[in-house]
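One letter stands for each residue in the lines below.
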Amino acid sequence: MGQPSNLGLPQHLRPAAHGGQRNFAGCVRAVRLRASGATLERLAGGTFLVRPEEPLGAYPRVLTDRIEHWARVSPERVCTAKRGPEGEWCRLTYAQVMRAVRSIGQSLLDRRLSADKPVAILSENDLEHFLLMLAGQHVGVLTSSLSPQYSLMSRDFIQLRHILEQLTPGLVFVSDGERYSRAIQAVVGREAEIVYAISPPGSRCTPFSQLASTTPTSAVEAAHEAIQPDDPAKILFTSGSTGVPKGVINTHRMLCANQQMIAQVFCFLAEESPVLLDWLPWNHTFGGNHNLGIALYNGGTFYLDDGKPSATLIRETIRNLREISPTVYFNVPKGYEELLPALRGDCQLRQSFFRRLKLLFYAGAGLSQPVWDAYRELALETCGERILMVTGLGATETAPMAIQTTWDTEHAGVIGIPIPGVEAKLVPQRDKLEARVRGPNVTPGYWRQPELTRQAFDQDGFYRFGDAVRFVDQSDVNKGFLFDGRLSEDFKLATGTWVSVGPLRARILSHFAPYVRDVAIAGHDRDELGMLIFADLEACASLCPGRAADGASTAVLAEPAVRAKFLELMESLAAQATGSSTRVTRALLLRDPPSLDGGEVTNKGSLNQRAVLERRKAAVEQLYAQQPAADILRIRGR
């Protein structure tokens, strides 16, 4: 696949020109990563088995054992911090965290909470959420952090109701009782105790301070010692490709084994206590398992970032990065895109950001090559060294890291090889290779959904990602794999030609940046490809200076300048197409955003392609009508 085009990408996201070539000469900042590789075995039927050469080391029984360790050896080291109402950092040391975990753990035991009556956490990341989640793990009480979108953005609470019916919680925690009052009144039954941090909506509620002030007894240590590695530690709900939330069981073994895997892959974490500034939600495995776990496992400091990758909320991230210099930085591609203009324009911010940084990591979606290039160049300009930027392949079901890049690459998108303790099986599916994995970091299944559990594994116990990968170089497995899309999204044109949706969507998003937020690819059993476009209204408004005051309105989508730009981009994209499976000839600019209640958005904020096409059948029919409406964008097919 060729490099994504810069056409349509705003200047601040493009790498600076050096005689028409990218110039990244210069040393890479020293960072110790795993040096061992993997072996490749060819099985019957075209299947490959890939095993890491390095064995997995020993790991603790429960993640809070690591917190206890750091509370003993470095009690005054800051474990976590969050800004308070006046903008000051509220810090908790490892000793303070461990004391609070024991107190809250006692309060959970006093309430006889269990796997049958777990703790449901409805709120965003905050210090109370942090302590409650860890207290549950410490005493063996199941917890589940739920996406705030289910409570704050939903109109009918269908997904939240579905989740709570599966969980049957005995305690529900909300940080702000007023903000969550509508969801609580609509969904939470009388059998569940409601605990709040601030602003109680009624007399049913218990202040969090009551839990935190409980005096711990010997029951806390007895409960901790009784935990078995394969007991559930938490339930993380993921919608995946179905649109219906399913509860992924995360055992103590999964969490601890995966952190040991990460420690062996990112060896530098043991050399200096890591410092993280992170916004990623704890209801998702990237933030709640991977990032938070890295800080706790390695005795680091985790700063909670109240920013988000949006035009307005990114300002809080920028403010925090001026004060906090991370040693490793994790984000989704949208976060890197939003941060980039500020880094380009603010010397102090650049210096603070790159000063101690050893590794950049992205996940959740594909990163465009221009953004990748821009960060490499910025690092060179700022500190004279390139900073490694890597990614991998993982899932909520794998805790999440399973396949990971640990070397410098020239291009975005290389996802690496299996990490210590993980076996990968690549199974032919049509003209692709489906990725499957097995290891101690893999879930035993879905909470109270045995049929879904059965479907998720093959006869050898390998978890089916549903994702396809391909070799960078089949003659050398240690050059890694490339992500090749989700198998469930692919479809056939009327000609019988398969369309690989994932790579095509990534190419479109890069090509149409910054004017497109997301797209759904249509064309099943049709002659040509079409797409439903969720446009970026602010970027589109920039094409029409006269409508500046009206920039956020969907009316901007009908402007001639906007339509002309999209037609221009469609023509240039089609010129790069290799055939009917990559040539998009028609498009519709949608006026309403993807619906959470309609299952069009997953709980990690990504687009559910199948749900969009199903819910918007009428729009798809408009795309292919014999007499298309005036708002359909069309270019000539071949």
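This text follows the structure it describes.
All of these numbers come straight from a predicted model, not from anything done at the bench. Numbers given to residues run from 1 along each chain, matching the order in which its sequence is written. Residue-level local features of this predicted model are given only where pLDDT is at least 70; pairs of side-chain atoms are given and counted only at 80 or more, and the full residue set underlies all totals for whole chains, interfaces and linings. Working from all heavy atoms in the structure, the side-chain values ignore hydrogens and water.

J.: I would appreciate a short explanation of the state of the cysteines in the present structure.
T.: Put plainly, a disulfide is one covalent bond tying together the sulfur atoms of two cysteines. Any cysteine sulfur atom paired with another within 2.5 Å is treated as part of a disulfide. All told, the structure shown has 0 disulfides when counted by the stated rule. Left without a disulfide partner, Cys-383 is nearest to the cysteine sulfur of Cys-27, which lies 8.7 Å away.

J.: What's the story with the side chain of Ser-107 in this structure? I'm lost.
T.: Only DSSP runs of H or I with at least four residues qualify as helices, and only runs of E with at least two residues qualify as strands; both kinds are numbered from the N terminus onward. Tracing the backbone shows Ser-107 in helix 2 (residues 94–110). Residues are treated as being in contact if the distance between any of their heavy atoms lies within 4.5 Å. Leaving out residues up to four positions away in the same chain, Ser-107 has contacts with Leu-211 and Thr-214.

J.: Explanation requested: the sheet that holds strand 1 (residues 38–42) in the structure shown.
T.: Across the sheet, 9 strands lie side by side as 1-2-20-21-22-23-19-18-17; this open sheet has antiparallel pairing. Of all strands in the sheet, those with a lone pairing partner are strand 1 and strand 17 (392–394), marking the two edges. Across the sheet, the axes of successive neighbouring strands diverge by a mean angle of 40 degrees, strand direction being ignored. Two strands pair when backbone bridges link them, and strand 17 and strand 18 (residues 401–404) are joined in this way by 3 bridges, in the antiparallel orientation. Note that in strand 18 the partner of Gly-392 across the bridge is Gln-404. Pairing between two strands requires that DSSP report at least two bridges joining them. Inter-axis angles, ranging from 0 to 180 degrees, are taken between N-to-C directions of lines fitted to C-alpha atoms, where helices are fitted over the stretch in contact.

J.: What exactly am I supposed to notice about empty space enclosed by the protein here?
T.: Leftover empty space is mapped by rolling, across the atoms, a probe with the size of a water molecule. Of the two site types, the cavity is a set of points on a 1 Å grid over the protein atoms alone where a 1.4 Å probe fits but cannot get out, and the pocket is an open set with protein on both sides within 12 Å along at least five of seven lines, each lined by residues with an atom within 4 Å of a point. Grid points are joined across faces, edges and corners, and a volume is the space filled by probe spheres set on the points. Under the defined criterion, the tally for this structure stands at 1 cavity of 30 Å³ or more. Looking at the largest cavity, its volume works out to about 80 Å³. Here the lining of the largest cavity takes 5 residues from helix 10 (residues 285–297), the largest share from any one element.

J.: How should I be thinking about the packing of helix 12 (residues 333–345) against helix 13 (residues 347–354) in this particular structure?
T.: The N-to-C vectors of helix 12 and helix 13 enclose an angle of 115 degrees; their axes lie 5 Å apart at closest approach. Between helix 12 and helix 13, the angle falls in the class roughly perpendicular. Here helix 12 contributes Leu-339, Ala-342, Leu-343, Arg-344 and Gly-345 to the contact with helix 13, which in turn contributes Cys-347, Leu-349, Arg-350 and Phe-353. Under the grouping applied here, Gly and all other residues not named as nonpolar or charged are polar, the nonpolar ones being Ala, Val, Leu, Ile, Met, Phe, Trp, Tyr, Cys and Pro and the charged ones Asp, Glu, Lys and Arg. Residues that form the contact of helix 12 with helix 13 fall into these classes: 6 nonpolar, 1 polar and 2 charged. For this classification, under 35 degrees means roughly parallel, over 145 means roughly antiparallel, 65 to 115 means roughly perpendicular, and everything else is oblique.

J.: Mind showing me how you'd approach the pattern of salt bridges here?
T.: Oppositely charged side chains are able to pair whenever their charged atoms sit close together. Take a side-chain nitrogen of Lys or Arg and a carboxyl oxygen of Asp or Glu: if they are within 4 Å of each other, that pair is a salt bridge. The full count for this structure, using the stated rule, is 42 salt bridges. The partner of Glu-316 in a salt bridge is Arg-319, with the nearest N and O atoms 3.3 Å apart. Taken together, the residues span about one helical turn, with Glu-316 and Arg-319 both in helix 11 (residues 314–323) at a distance of 3 residues. Residues participating in the shared-partner salt-bridge network are Lys-425, Glu-434, Arg-436, Asp-458 and Asp-460.

J.: I tried to follow helix 18 (residues 560–575) on my own but got confused; where do I start?
T.: It helps to recall that an α-helix has 3.6 residues per turn; residues three or four apart then point in one direction. Relative to the 22 Å expected for 16 residues at 1.5 Å per residue, helix 18 spans 22 Å between its end C-alpha atoms, a close match to the ideal helical length. Burial classification: accessible surface area is computed with a 1.4 Å probe over protein chains only, and a residue below 20% of its type maximum counts as buried, one above 50% as exposed, and the rest as partly exposed. Turning to helix 18, its buried residues are Val-562, Lys-565, Phe-566, Leu-569, Met-570, Ser-572, Leu-573 and Ala-574. The secondary structure elements touched by the buried residues of helix 18 are helix 16 (501–512), strand 26 (516–522), strand 27 (529–535), helix 17 (537–541), strand 28 (584–590) and strand 29 (632–634). What a helix is expected to span follows from its residue count: subtract one and scale by 1.5 Å.

J.: Mind showing me how you'd approach the pairing of strand 3 (residues 78–83) here?
T.: In regular strands, side chains alternate between the two faces of the sheet. Summarising burial for strand 3: 6 of the 6 residues are buried, a large majority. Taking the residues between adjacent antiparallel strands as the criterion, strand 3 and strand 4 (residues 89–93) are bridged by 5 residues, where Gly-87 takes a positive phi near 90 degrees. The pairing of strand 3 with strand 13 (residues 301–304) spans 2 bridges and is classified as parallel. Looking at the pairing, Ala-81 lines up with Tyr-303 of strand 13.

Treat this as a map of the structure, not an account of what it does.
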